[in-house]
Amino acid sequence: MNKMSNIIKILSLLLVLVPCFSELNSMQIVPFVYTWVVEDENTFQYHITNTSDSLLAFELGLWIRLQDKNGKDILMSIKELKELRNRFRNNGRICLYDKNGKIIFVDVQEVKKLQNNQKGDVKIRLQRKNGGDLFLSVSEWKSLTSDPKGGWVCLHGDGEEKVFIHAKELMKIKDDSRAAEKYKLFANFEWLCNCIDIYPKQIIIPPKTQRSIKLRFHGKIPDREIAMRVSFSQFGISTAKKAQRTQKNASVNVKYEIWSSLYITPKNAKPKVRVVSVNEQSIVLHNDGNTRQEIRQSDLVCEGKSIKELISKEDLDTVIMSGNDRVYMRKKAESRSSSNDKTSKR
């Protein structure tokens, strides 16, 4: 009896999921990947077509996108950027660590004075959490904030001014295994919070119709390409018929998302990829250019061969973001590991 009821539940779930997946395939987004040269056009539109017989409804979101060395995405929404920005600026004081690892608080105005002082004849006052002051010279402050082992993150203030916060403190704010990477992203793109408008933010598309979404950019022109994702998150719409059906039967609420790629790119931007290191197992590449490099389009040569001949076919459709390193496994390493697996099985 229990087996039969479980089978019925599974079949009921499938009956709900199959129409959902068919709706997913019936939604067309044009353009799906777009390079936006904001210097030439400060607005552009997505055209979304619903080819199904059902009503579709989506909420749109903007996400900043970075990649780690293995090509995994690090994403942060514009909404989250704004929340963090407001949190840091609430009290006008920033929590830091001194050289001994003790928590200290620094006044934003003190940091501004120091950053603007070229002679180095003033000292910055850092107030400890439990009282007492710590005074640092300009050179000591610069040494403290530039220590690569210290995990310091630069937060951009208004204009060209900068303030700093320790990655450890940032990681306490949000419980995230990749917090340090995310807050580095925040430090680089905090200025972007109010530069992009998307409207409408929610859209309902009747069957067999098309709707448009407009994006507008009104910030400073970036000198490097900014990679972004645009999320289309489905949400349900209640109708009278659905309400009646819900009262009689148990319902399953299914939600799916579609992610498109958007690149805000400077005019005449070009990639410039070089080899950082090579060994028997892998090749590390770095992109010094100001736009992404598609590996399939690269003419880079390594050890007398095209880079496309040295890496796996699965990696040919990847990209290296501007300013990023990327690690690629070599074909030889892959073939050797597969042969070792066969030998061990024997």
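Residues numbered from 1 in each chain as written. Predicted model: local features only at pLDDT ≥ 70, side-chain atom pairs only at ≥ 80, totals over all residues. Heavy atoms only, no water.

A separate point is the sheet that holds strand 14 (residues 209–217). Pairing is antiparallel in the open sheet, where four strands are placed in the order 1-3-14-12. Lying at the two open borders of the sheet, with one neighbouring strand each, are strand 1 (27–30) and strand 12 (196–199). Looking at each pair of strands side by side, their axes are set apart by 20° on average, direction ignored. In this structure, strand 12 lies alongside strand 14, joined through four bridges in antiparallel fashion. Paired with Y199 across the bridge in strand 14 is K214. (Pairing = 2+ DSSP bridges. Helix = DSSP H or I, 4+ residues; strand = E, 2+ residues; numbered from the N terminus. Axes fitted to C-alpha atoms, helices over the stretch in contact; angles between N-to-C directions.)

Topologically, S260 is positioned in strand 16 (residues 257–264). When residues no more than four places from it in sequence are discounted, the contact partners of S260 are F32, Y46, M228, R229, V230 and F232. (Contact = heavy atoms within 4.5 Å.)

With that settled, consider the sheet that holds strand 17 (residues 273–278). Pairing is antiparallel in the open sheet, where three strands are placed in the order 17-18-23. Pairing within the sheet leaves two strands with one partner each, and these edge strands are strand 17 and strand 23 (325–329). Strand-to-strand twist in this sheet, taken as the mean axis angle between neighbours without regard to direction, amounts to 30°. As judged from the five bridges shared by strand 17 and strand 18 (residues 282–287), these two strands associate in the antiparallel manner. Each bridged residue has a counterpart across the sheet, and for V278 the counterpart in strand 18 is I283.

Judged by how many residues are buried, strand 18 sits mostly within the fold: six of six residues are covered. Here strand 17 folds back onto strand 18, and the loop between the two strands holds three residues. Two strands pair when backbone bridges link them, and strand 18 and strand 23 are joined in this way by five bridges, in the antiparallel orientation. Residue pairing in the sheet places L285 in a bridge with R326 of strand 23. (Buried < 20%, exposed > 50% of the residue type's maximum accessible area, 1.4 Å probe, protein only.)

Before going further, it helps to spend a moment on the confidence of the model for the protein. Parts of the prediction with low pLDDT should not have their coordinates interpreted in detail. The share of residues in the protein with pLDDT of 70 or more is 60%, and the mean pLDDT across the chain is 75. When pLDDT is averaged over each element of the protein, strand 14 comes out on top at 95 and helix 7 (residues 240–248) at the bottom at 44. Here residues 239–254 is a poorly scored stretch, pLDDT under 50, and it has eight contacts once near neighbours within four places are set aside; other chains count. (pLDDT = per-residue confidence, 0-100.)

All right, on to the pattern of salt bridges then. Scanning the entire structure with this criterion turns up nine salt bridges. One salt bridge connects R292 with E225, and the closest N-O pair in it is separated by 2.7 Å. In this pair, R292 sits in the loop between strand 18 and strand 19 (293–294) while E225 sits in the loop between strand 14 and strand 15 (226–234), placing the two residues 67 residues apart along the sequence. Exposure remark for R292: the relative accessible area of 13% places this residue in the buried category. (Salt bridge = Lys/Arg side-chain N within 4 Å of Asp/Glu carboxyl O.)

Ranked by size, the top nonpolar core spans 38 residues in total, and within it I196, L215, M228 and F232 carry the most contacts. Excluding anything up to four places from it in sequence, I196 contacts L62, L215, R216, F217, H218, M228 and I264. The next biggest cluster of nonpolar side chains, apart from the first, holds 12 residues, and it includes L285, I307, L310 and Y328. (Core = buried A, V, L, I, M, F, W, Y, C linked by side-chain atoms within 4.5 Å.)

Turning next to the side chain of S231. Within the element layout of this structure, S231 appears in strand 15. The buried category is assigned to S231, whose relative accessible area is 4%. Engagement of the side chain of S231 in a polar contact is seen with the side chain of W63, the distance being 3.0 Å. (Polar contact = N/O pair within 3.5 Å; in protein donor to acceptor, adjacent residues only side chain to side chain.)

Remark: the centre distance and the inter-plane angle together describe each pair of aromatic rings, the angle taken between the planes. Evaluation of the coordinates by the stated rule reveals six aromatic pairs. Ring geometry for Y34 and F44: centres 4.4 Å apart, planes at 25°, overall stacked. One end of the pair, Y34, is in strand 2 (residues 33–36); the other, F44, is in strand 3 (residues 43–50), and 10 residues separate them in sequence. Where W36 meets F44, the ring centres are 5.0 Å apart and the plane angle is 65°; that geometry is what we call edge-to-face. (Phe/Tyr/Trp six-rings, centres within 6.5 Å; stacked < 30°, edge-to-face > 60°.)

Trans is the prevailing form of peptide bonds, just as negative phi is the prevailing case for residues other than glycine. Across the junction of V30 and P31, the peptide omega takes the value 0°, indicating a cis bond. Here P31 shows up in the loop between strand 1 and strand 2. Here the residue pair Y199 and P200 is connected by a cis peptide bond, since its omega of -5° sits within 30 degrees of zero. The topology assignment puts P200 in the loop between strand 12 and strand 13 (202–205). Even without a glycine there, the phi angle at K208 is positive, about 60°. Along the chain, the position of K208 falls in the loop between strand 13 and strand 14. Among the residues examined, K208 registers a relative accessible area of 55% and is labelled exposed. Even without glycine at this site, N268 takes up a positive phi of about 60°.

Tracing the sequence through the fold places S322 in the loop between strand 22 (319–320) and strand 23. Residue class for S322 comes out buried when judged on its relative accessible area of 15%. In this structure, the C-alpha to C-alpha distance between S322 and L66, residues 256 residues apart in sequence, is 9.6 Å. The contact partners of S322, leaving out residues within four places of it in the chain, are R224, N287, G289, N290, T291 and R292. In this structure the side chain of S322 is engaged in a polar contact, spanning 2.5 Å, whose partner is the side chain of R224.

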